[in-house]
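Breakdown of the fold
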Amino acid sequence: MSDPIAVSTDLLRPPPSLANNPARMRETAEAFEASFIAQMLRPMFQGLSTEAPFGGGEAEATWRGFLIDEMGKQVARSGGVGLADHVVAQMIRMQEARA
């Protein structure tokens, strides 16, 4: 009879290293940059009224955060502010120091 709670040995392996996957490093750096940009954009929208032309209200205020996050992602995908390049370079330096 097999043990119903047995854990696969695959779960015990460490996650694949980012050093072996430069595309994943870049993706992670761009996600960080997108988050940074969204945080910088957030104060610009805090005092805006959600009135006309569409009525705004609580629904618009609720979804505004999602809109700002998407704006940050789009800016990062379009080249961003250069933060992702520095993050990737630092990630590479940190990996080389460990090796």
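Residues numbered from 1 in each chain as written. Predicted model: local features only at pLDDT ≥ 70, side-chain atom pairs only at ≥ 80, totals over all residues. Heavy atoms only, no water.

**Quick notes on a nonpolar patch on the surface**
To keep it simple, the criterion reads: For patch building, the residue pool is restricted to those with more than 30% relative accessible area and no salt bridge; the joining distance is 9 Å between like charges and 5 Å between nonpolar side chains (Val, Leu, Ile, Met, Phe, Trp, Tyr). Surface accessibility in these figures is a Shrake-Rupley result with a 1.4 Å probe; residues are shielded only by whichever protein chains are displayed. One speaks of a salt bridge when a side-chain nitrogen belonging to Lys or Arg is within 4 Å of a carboxyl oxygen belonging to Asp or Glu. The numbering of helices and of strands both runs from the N terminus, where a helix is a DSSP run of H or I of at least 4 residues and a strand a run of E of at least 2. Burial classes follow relative accessibility: with a 1.4 Å probe on protein chains only, a residue under 20% of its type's maximum area counts as buried, one over 50% as exposed, and anything between as partly exposed.
A surface patch of nonpolar side chains, about 290 Å² in accessible area, is lined by F36, M40 and V81. With respect to the helices, strands and loops of the structure, F36 is situated in helix α1 (residues 22–46). By relative accessible area, F36 is classed as partly exposed at 35%.

**Re the environment of I92**
With respect to the element layout, I92 can be found in helix α3 (residues 83–98). When the C-alpha positions of I92 and P22 are compared, they lie 9.3 Å apart, and in sequence the two are 70 residues distant.

**Structural notes on the confidence of the model for the chain**
The test is simple: A score from 0 to 100, pLDDT tells how confident the predictor is in each residue.
Considering every residue of the chain, the mean pLDDT works out to 81; 72% of them sit at 70 or more. The secondary structure element of the chain with the lowest average pLDDT is helix α2 (residues 57–77), at 87, and the one with the highest is α1, at 92.

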